[in-house]
Amino acid sequence: MNKQALLHIPDSSLCFATGKNEVTIRLRAAEEDRGIKVFLVYGPKYEYQIRQYEAQMQPEYRDGVFQYFEKKLTLSDVRLAYVFRIEEDGKSYFFSEDGLTDGYSFTESFYNFFQIPYINENDRVKTVDWMRNAVFYQIFVDRFYHGDHEKDTSYINMNWGERPTPKSFAGGDIRGIIEKLDHIKGLGVNAIYLTPVFKSVSNHKYDISDYKQIDPMFGSEKDLKELVEKAHRIGIRVVLDAVFNHCSMYLSQFQDVMKKGRESEYYDWFIIDGDRPDPAQINYECFAACNYMPKLNTAVPAVQDFLIDVGTYWIREADIDGWRLDVSDEVSHDFWRMFRRAVKEEKSDAVIIGESWHDASDYLRGDQFDSIMNYAFTKACLDYFAHDRFDEKQMSDKLNGILMRNMTPVNDMMLNLLDSHDTHRFFTEVDRDKKKLLTALALEAFFPGAMCIYYGTEICLEGGYDPDSRRCFNWDEDFWDFEFMSHMKKILALKEDRAIQYGDTRIYTENGALVVERSIPEEKITLKIKDKDSFSIYKEAKNEEENSVVNTGMHNARYSYGVQ
């Protein structure tokens, strides 16, 4: 047995509450130790010395290096003590806070058992329930649709459909989104995520100069309220982009510091090396190396109050449904804890989604973000579908590893995506292979969490890296592939399946196929992917009459959708 591979940490992704009296416990072991058996020896904390129960754990996840044994318990006493008993070649070992030992003294176990001291309800990570079946539609506002023809259009410097440059303005606006809500709803979308809409000189609006004014290029506060109201009326939530790591150099507070230097009351709002900011020398912290985006000092109480007020203002005024947090991992944990409390007090089911491209488990413990944009899933899909770096076993391992980063309640809220305004278009990356795109979408639908579809995916919009990934939506239906769109709609509809929303997840390979199972007691639905451009879906229910093979129907592919 590989002793060094054994790992268990209470109050982590290896041990967490999933309900008021429900817990999930995991033990990590080496994947090559396939012959071991693992048992959870558990009991009430204050009776553990005299009374224990034992339950076998199963290896539910394998990531190519480790296997993860798991057991779910429903407790009558939410103060739990436990150790692990491991059988290998007929011999038993015990794993506790003392590590791996040949024997274990239960009479002295209060010194070294693992424990859940108490499940405090206000500490438990809770899933924003609507995220389980959320299908987001991300819109880069300037490139979606120009709906307001009464606004000042003098800023527009490109024809609709031209290849964009970093300085291009096409004219898309909030009114355009309102006019296309029926199209968005018709895809099966139930949530919209907008890139920033606040006052800014750029086309992307990630350099905000006024956080409480909708940029006139995009419309007005009245337009935003109308969008949210009409979206809510048809069952679509709206999430906005919060840019709190940095701002525009034209923010009034930064301009005040530019003029007054240290004498400005806002001097400590920014992190400046010297008496006053010098954009030429960039003697202040900023986003990347962009001198026009100075970094906000979120350790300063006045900055905290300012940004938290923005976060709650738009929930109160426009009834938005949450925030996506730009460059969230460069902002302090302390600030995000305060931000979360304020947002959740304003609207308890408002979602908070961080932009983090890496393992963000420290932000995902229930006190900061609900989830993050799951770029680890994006990269895995690129490696498997586009770049042929992964075979089915390697893809299975990678997806299992991604799931093991976080607790299940967090995984159920992750924002899974194939592409965004910050990446190459996935359709271009798979060399315009529509079958691969549909197969990747099916995998995204089955993976725990929300789906996020980048605008234009339904018409196979192409694009390279920024700014090419931000092309205009082509509204000429003569160029649309309606067959593809029909298949995509059927895939998005999978998120309505209760097993996909609430089910346990198993990912493995079988006969050369990548298999993803989602199961609840009354149903199991299974996705099988082979050759990366075709898939089959099988549904099994306790009522055998409901069992079906779900196959899609695109020409020459081995799938169709529907109960046969």
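Conventions adopted
- Residues numbered from 1 in each chain as written.
- Predicted model: local features only at pLDDT ≥ 70, side-chain atom pairs only at ≥ 80, totals over all residues.
- Heavy atoms only, no water.
- Helix = DSSP H or I, 4+ residues; strand = E, 2+ residues; numbered from the N terminus.
- Rg over C-alpha atoms; globule rule 2.2 N^0.38 Å.
- Areas by Shrake-Rupley, 256 points an atom, 1.4 Å probe, with all protein chains shown as cover.
- Lys, Arg positive; Asp, Glu negative; His and termini not counted.
- Charge placed at Lys NZ, Arg CZ, Asp CG, Glu CD.
- Pairing = 2+ DSSP bridges.
- Axes fitted to C-alpha atoms, helices over the stretch in contact; angles between N-to-C directions.

Student: Can you break down the overall build of the protein chain residue by residue, with the values?
Tutor: Within the protein chain, the regular secondary structure consists of 13 helices and 24 strands. For a compact globule of 564 residues, the expected C-alpha radius of gyration is about 24 Å, and the protein chain comes in at 26 Å, within 12% of that figure. Principal-axis analysis of the C-alpha atoms places the extent of the protein chain at approximately 80 × 65 × 40 Å. Of the roughly 23,100 Å² of accessible surface on the protein chain, 44% is carried by carbon and sulfur atoms. Side chains of the protein chain give 70 positive and 96 negative charges; the mean places of these two sets differ by 2 Å.

Student: Give me the sheet that holds strand β14 (residues 237-242): which residues, what numbers.
Tutor: Taking strand neighbours around the barrel as the criterion, the eight strands line up as β10-β11-β14-β15-β16-β17-β18-β19 in a closed arrangement whose pairing is parallel. Pairs of neighbouring strands in the sheet enclose a mean axial angle of 25 degrees, with direction left out of account. Two strands pair when backbone bridges link them, and strand β18 (residues 415-417) and strand β19 (residues 450-454) are joined in this way by three bridges, in the parallel orientation. Note that in β19 the partner of L417 across the bridge is C452.

Student: If you had to explain unusual backbone geometry to someone new, which residues and values would you point to?
Tutor: Cis geometry marks the peptide bond from D466 to P467; its omega dihedral reads 10 degrees. We note that V327 has phi near 45 degrees; this positive angle belongs to a residue other than glycine. On the secondary structure map, V327 appears in the loop between β15 (322-325) and α6 (333-346). Backbone geometry places D531, a non-glycine residue, at a positive phi of 65 degrees. Position of D531 relative to the elements: it lies in the loop between β22 (523-530) and β23 (534-541).

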